[in-house]
Amino acid sequence: MTEQPAALTTLTKPGTGPADGPLPAGDARAALTALREEIGKAVVGQDAAVTGLVVALLCGGHVLLEGVPGVAKTLLVRTLSTALSLETKRIQFTPDLMPGDVTGSLVYDARTAEFSFQPGPVFTNLLLADEINRTPPKTQASLLEAMEEHQVTVDGEPRALPVPFLVAATQNPVEYEGTYPLPEAQLDRFLLKLVLPLPTRDQEYQVLARHAAGFDPRDLAAAGVRPVAGPEHIAAAREEIAKVVVAPEVLAYVVDLCRATRQSPSLSIGVSPRGATALLGTSRAWAWLAGRDYVTPDDVKALALPTLRHRIQLRAEAEMEGVTADSVVQAVLSQTPAPR
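The rules behind these values
Residues numbered from 1 in each chain as written. Predicted model: local features only at pLDDT ≥ 70, side-chain atom pairs only at ≥ 80, totals over all residues. Heavy atoms only, no water. Helix = DSSP H or I, 4+ residues; strand = E, 2+ residues; numbered from the N terminus. Rg over C-alpha atoms; globule rule 2.2 N^0.38 Å. Buried < 20%, exposed > 50% of the residue type's maximum accessible area, 1.4 Å probe, protein only. Contact = heavy atoms within 4.5 Å. Areas by Shrake-Rupley, 256 points an atom, 1.4 Å probe, with all protein chains shown as cover. Lys, Arg positive; Asp, Glu negative; His and termini not counted. Charge placed at Lys NZ, Arg CZ, Asp CG, Glu CD. Core = buried A, V, L, I, M, F, W, Y, C linked by side-chain atoms within 4.5 Å. Polar contact = N/O pair within 3.5 Å; in protein donor to acceptor, adjacent residues only side chain to side chain. Pairing = 2+ DSSP bridges. Patch = residues over 30% accessible without salt bridge, like charges linked within 9 Å, V, L, I, M, F, W, Y side chains within 5 Å. Salt bridge = Lys/Arg side-chain N within 4 Å of Asp/Glu carboxyl O. Axes fitted to C-alpha atoms, helices over the stretch in contact; angles between N-to-C directions. Expected span 1.5 Å × (residues − 1).

Visitor: Honestly, the overall build of the protein chain in this entry has me stumped. Any pointers?
Guide: Counting its regular elements, the protein chain contains 15 helices and 11 strands. Scaling as 2.2 N^0.38, a compact globule of 340 residues should have a C-alpha radius of gyration of about 20 Å, and the protein chain matches this with 20 Å. Expressed as lengths along the three principal axes of its C-alpha atoms, the size of the protein chain is roughly 70 × 50 × 40 Å. Counting all 340 residues of the protein chain, 49% fall into the buried class. Expressed as a percentage of contacts within the protein chain between residues at least 6 apart in sequence, the contacts between residues at least 24 apart total 79%. If you sum the accessible surface of the protein chain, you get close to 15800 Å²; carbon and sulfur atoms cover 54% of it. Across the protein chain, the centroid of the 30 positively charged side chains sits 3 Å from that of the 39 negatively charged ones.

This is the structure we're talking about:
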């Protein structure tokens, strides 16, 4: 299982968070960089995933979390929502789940003799779509409009979703029996694909030590997790990120990277223009988090793997030879000249 680039793990340094509660909206960067320390009270390791989720929130995108059961995917999303003062809901995707179970539906009220709309769990800030590949394509597709347009249309009437809105979908990379692989069109809707690795020995020891001391993952308040940021910080950050400068040479570098994937002999499908736009957006958000108002080639390199790995499709013969999506992206990064 491939870990995220090292750069993605440097969202903040221990001890840089606010001492007491959320900071003012004007201190958006300080508030958001405090998240890693706060989430660390409940989740050991997974710093790259924390950073990826923050980048996705800042870009208004969605995240696909891939990892074996038991690596704290659900706990990570719950802790993030607590630290950001955001509402979260969870859907367990199963083969019998219907689209209306996700989006909501019209319900007949016998007292008023009228139909009324009952919102589904998608009407939240952070939606945890657990094991999304265990439900049929019809139900998977019920999320497409919500992810792309941030709205749900029922009976011809569009209904806006809360702001911010993020789908964090999980899938198990080793168990495929009874699953429905996500189609390319839906994979492309995810801004990032983050791989959650198994913990190191030291990290696993810390997990067990916390549980031995009485840690309860269902009681985040007892673990000391508190809000350190909120929707106002995300809104302020988005305004600042829109001002981050991208030089023409860096724009050309993003274009060259994405075009290089389309010419790779190992791929049947390369990165689309939407993928290039996504890489530009995530690079700008990362540059802002790093405290700069301009994007460097290193920012692009740091976000290339999680932004592009799920937007390419391997040829069958390459897959049989052991080629992976990650190795293709890494090869493209090493072969494409970066501007100085």
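Visitor: Teacher, can you tell me more about the nonpolar core here?
Guide: As a rule of thumb, nonpolar side chains are buried together in soluble globular proteins. In this structure, Leu 32, Leu 35, Leu 58 and Trp 288 are the most contacted members of the largest nonpolar core, which totals 75 residues. Excluding residues within four positions of it along the chain, Trp 288 makes contact with Ala 28, Arg 29, Leu 32, Leu 58, Ala 237, Glu 240, Ile 241 and Val 244.

Visitor: For this particular structure, what's the right way to read the side chain of Arg 309?
Guide: Position of Arg 309 among the secondary structure elements: in the loop between helix 13 (297-308) and strand 11 (313-314). Overall, Arg 309 belongs to the buried group, its relative accessible area being 4%. A distance of 2.9 Å separates polar atoms of two side chains, one belonging to Arg 309 and the other to Asp 326.

Visitor: How do you make sense of the pairing of strand 6 (residues 151-154) when you look at a structure like this?
Guide: A regular strand carries its side chains on alternate faces of the sheet. Of the two faces of strand 6, only one is covered, namely that formed by Val 152 and Val 154; the face formed by Gln 151 and Thr 153 stays uncovered. Taking the residues that link successive antiparallel strands as the turn, the strand 6-strand 7 (residues 157-160) hairpin has 2 residues, and the phi of Asp 155 there is positive, at about 55°.

Visitor: Explain a nonpolar patch on the surface here, please?
Guide: Judged by side-chain polarity, Leu 106, Tyr 108 and Phe 115 come together as a nonpolar surface patch covering roughly 330 Å² of accessible area. If you trace the backbone, Tyr 108 turns up in strand 3 (residues 104-109). Assessed through its relative accessible area of 47%, Tyr 108 is described here as partly exposed.

Visitor: Sorry, what's going on with the sheet that holds strand 1 (residues 63-66) here?
Guide: Hydrogen bonds along the backbone pair up the strands of a sheet, which may run parallel or antiparallel. Strand order in the open sheet formed by 5 strands is 2-5-8-1-9, and the pairing between neighbours is parallel. The strands lining the two open edges of the sheet, one partner per strand, are strand 2 (88-92) and strand 9 (192-195). The sheet shows a mean angle of 20° between the axes of neighbouring strands, taken without regard to direction. In this structure, strand 1 lies alongside strand 9, joined through 4 bridges in parallel fashion. Paired with Glu 66 across the strands is Val 195, a residue of strand 9. The strands that helix 3 (residues 47-59) touches are strand 1, strand 5 (126-130), strand 8 (166-171) and strand 9; relative to strand 9, the one it contacts most, it runs at about 170°.

Visitor: Teacher, can you tell me more about helix 9 (residues 201-212) here?
Guide: Given 3.6 residues per turn, any residue in an α-helix points the same way as the ones three and four places further on. For helix 9, spanning 12 residues, the distance from its first C-alpha to its last is 16 Å, which sits close to the expected 16 Å at 1.5 Å a residue. One or two steps after helix 9, the chain reaches Gly 214, where phi turns positive at roughly 105°.

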